[in-house]
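Here are the chains, one letter per residue:
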Amino acid sequence: MKLSGKTALITGSTSGIGLGIARVLAEAGADILLNGFGDPAAALAEVGQFGGKVAHHPADLGDVAQLEALFAYAQREFGGVDILVNNAGIQHVAPVEEFPVERWDSIIALNLSAVFHCTRLALPGMKRSGWGRIVNIASVHGQVGSVGKAAYVAAKHGVIGLTKVVALETATTAITCNAICPGWVLTPLVQKQIDARIAEGIEPQQAQHDLLAEKQPSLAFVTPGHLGELVAFLCGEAGSQVRGAAWNVDGGWLAQ
């Protein structure tokens, strides 16, 4: 229970990667503030089984006023945020010249600007308490590009740059900021890409294999549990001098 007495806010945590991270941190003893558009009932039950305090706030991270309300709620109900995991994200695939402007704006707002706003709102409380952990769930697409993913790739590159700046600005404190760069994780976002292949007549198992084979040499998905355990490590004493890292969890994707 190494995180007992700490409160973790995980954005986009009603399902997928965010929920997996919330589960691991709750098991480590942290109180958990969930956020996301999904039905929170199942997530609250899953995370609440470990006995800590758990709540959900439905803030739309693309709206700065709602973000500020989220942090005010965290202060009021939990006494602040000790661990911030910026996980929420959306995706759209299209060539640059055909990329809908409104999709670009929404992806940048959620995948990058919200990371900035959550960080700026979390830092004052962390500095007052003398301890904090910020973990940004970036992507291998924060380090390499892929065709059709202009907004996602641009945002994730930005997240890694922001991570480095925050790490430098907090380098002499007990606050750390790092990024995790997953490869393929079987989330709803990735499932949509598999489904698109199935719609073209490819068998489901073959569609999944082909997606992995294009990028991920292990031919296996990263799991939310893998990412949660790494977040927990970064929150512990052993992670106290990991600062400004972009840690790949990608089945060998970036080793190629």
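Computed from a prediction, not measured in an experiment: that's the story for all the values here.

## A closer look at the overall build of the protein
Line of reasoning, step 1. Across its full length, the protein holds 8 helices and 7 strands.
Line of reasoning, step 2. Its C-alpha atoms put the protein at 55 × 35 × 35 Å along the principal axes.
Line of reasoning, step 3. Looking at the protein as a whole, 50% of its 256 residues are labelled buried.
Line of reasoning, step 4. At a minimum sequence separation of 6, the contacts of the protein that also span at least 24 residues come to 67%.
Line of reasoning, step 5. Accessible surface for the protein amounts to roughly 11200 Å². Of this, 56% is attributable to carbon and sulfur atoms.
Line of reasoning, step 6. Computing the positive centroid from 17 side-chain charges and the negative centroid from 22, the protein places the two 9 Å apart.

## Let's talk about the pairing of strand E6 (residues 175-182)
Line of reasoning, step 1. Buried residues dominate E6, accounting for 8 of its 8 residues.
Line of reasoning, step 2. Summarising the sheet, strand E5 (residues 132-137) and E6 pair through 6 bridges and their orientation is parallel. Following the sheet pairing, isoleucine 134 is matched in E6 by cysteine 177.
Line of reasoning, step 3. Between E5 and its parallel partner E6, the chain crosses via helix H5 (residues 150-169), and the hand of that crossover is right-handed.
Line of reasoning, step 4. Bridge count between E6 and strand E7 (residues 246-249): 4 bridges; the pairing is parallel. Paired with proline 182 across the strands is valine 249, a residue of E7.

## Details of the domain arrangement of the protein
Line of reasoning, step 1. Taken domain by domain, the protein holds domain 1 (7-185 + 222-249) and domain 2 (186-221).
Line of reasoning, step 2. With centres defined by C-alpha atoms, the gap from domain 1 to domain 2 works out at 25 Å.
Line of reasoning, step 3. Taken together, the contact between domain 1 and domain 2 spans 13 residues of the former and 11 residues of the latter.
Line of reasoning, step 4. A combined buried area of about 950 Å² lies between domain 1 and domain 2, and 60% of that area is made up of carbon and sulfur atoms.
Line of reasoning, step 5. The largest per-residue losses of area from domain 1 upon contact with domain 2 belong to Trp184, Val185 and Val222, which jointly make up 62% of the total buried on that side.
Line of reasoning, step 6. The tally of links between domain 1 and domain 2 comes to 0 salt bridges.
Line of reasoning, step 7. Here domain 1 is connected to domain 2 by 5 residue pairs in polar contact (both at pLDDT 80 or more).

## A word on the sheet that holds strand E3 (residues 54-57)
The strands making up a sheet associate through hydrogen bonds between their backbones, and the pairing can be parallel or antiparallel.
Line of reasoning, step 1. One open sheet holds the 7 strands; their spatial order is E3-E2-E1-E4-E5-E6-E7, and the pairing between them is parallel. Whereas interior strands pair on both sides, the edge strands pair on one side only; in this sheet they are E3 and E7. Across this sheet, the average inter-strand angle for adjacent strands is 20°, counted without regard to direction.
Line of reasoning, step 2. In the sheet, strand E1 (residues 7-10) pairs with strand E2 (residues 31-35) via 4 bridges, with the strands oriented parallel. Bridge assignment links threonine 7 to a residue of E2, and that residue is aspartate 31.

## Observations regarding the environment of valine 81
Line of reasoning, step 1. Position of valine 81 relative to the elements: it lies in the loop between helix H3 (64-78) and strand E4 (83-86).
Line of reasoning, step 2. Residues contacting valine 81, with those up to four places away along its chain left out, are Thr7, Leu9, Phe71, Ala74 and Met126.

## Some details on the packing of aromatic side chains
Line of reasoning, step 1. Considering all chains together, one arrives at 3 aromatic pairs under this definition.
Line of reasoning, step 2. An angle of 80° between the planes, with centres 5.8 Å apart, marks the rings of phenylalanine 233 and tryptophan 247 as edge-to-face. In this pair, phenylalanine 233 is assigned in helix H8 (residues 224-235) and tryptophan 247 in strand E7, connecting sequence segments 14 residues apart.
Line of reasoning, step 3. For tryptophan 247, a relative accessible area of 33% translates into the label partly exposed.
Line of reasoning, step 4. The lysine or arginine in question, lysine 6, covers the ring of tryptophan 131, its NZ or CZ lying 4.1 Å from the ring centre.
Line of reasoning, step 5. One cation-aromatic arrangement involves lysine 53 over phenylalanine 78; the distance from NZ or CZ to the ring centre is 4.6 Å.

## What to know about the pattern of salt bridges
Line of reasoning, step 1. Scanning all chains against the criterion turns up 4 salt bridges.
Line of reasoning, step 2. Of the charged contacts, one joins glutamate 214 and arginine 197 as a salt bridge, the two residues approaching to 2.9 Å between their closest N and O atoms. With glutamate 214 in helix H7 (residues 204-215) and arginine 197 in helix H6 (residues 188-199), this residue pair connects regions lying 17 residues apart in the sequence.

Rules behind the numbers
The residue numbering used here restarts from 1 in each chain and proceeds along that chain's sequence as written. Restriction of local features to residues with pLDDT of at least 70 applies here, the model being predicted, together with a cutoff of 80 or more for giving and counting side-chain atom pairs; totals for whole chains, interfaces and linings are based on all residues. Only hydrogens and water are removed before side-chain values are computed, so all heavy atoms of the structure are retained for them. Helix numbering and strand numbering both begin at the N terminus, where a helix is a DSSP run of H or I of at least 4 residues and a strand a DSSP run of E of at least 2. Three exposure classes are used, based on accessible area relative to the maximum for each residue type with a 1.4 Å probe and protein chains only: buried under 20%, partly exposed in between, and exposed over 50%. Residue contacts follow a heavy-atom distance rule, with two residues in contact if any of their heavy atoms lie within 4.5 Å. Where accessible areas are quoted, they stem from the Shrake-Rupley method and a 1.4 Å probe; at the residue level, only the protein chains shown are allowed to cover. Think of it this way: Lys and Arg go in the positive column, Asp and Glu in the negative one, and His and the chain ends go nowhere. For charged residues, the charge sits on one atom: NZ in Lys, CZ in Arg, CG in Asp, CD in Glu. A pair of strands is treated as paired once DSSP finds two or more bridges between them. With the strands aimed away from the viewer, a crossover counts as right-handed if its path from the first strand over the helix to the second runs clockwise. Throughout, the edges of the domains are those of an automatic or database domain assignment. Two parts placed together each lose some accessible area under a 1.4 Å probe, and adding up what both lose gives the buried area. We count a salt bridge whenever a side-chain nitrogen from Lys or Arg sits within 4 Å of a carboxyl oxygen from Asp or Glu. We define a polar contact as two N or O atoms separated by no more than 3.5 Å, with the added condition that, inside protein, one atom must be a possible hydrogen donor and the other a possible acceptor, whereas residues neighbouring each other in sequence contribute only through side-chain atom pairs. Orientation is described by lines fitted to C-alpha atoms, with helices fitted over the stretch in contact, and by angles between N-to-C directions that extend from 0 to 180 degrees. Stacked, tilted and edge-to-face pairs are distinguished by plane angle, under 30 degrees for stacked and over 60 for edge-to-face with tilted covering the rest, among Phe, Tyr and Trp rings (Trp via its six-membered ring) whose centres lie within 6.5 Å. Note on criteria: charge over ring means Lys NZ or Arg CZ within 6 Å of the ring centre, with the direction from the centre no more than 35 degrees off the ring normal.

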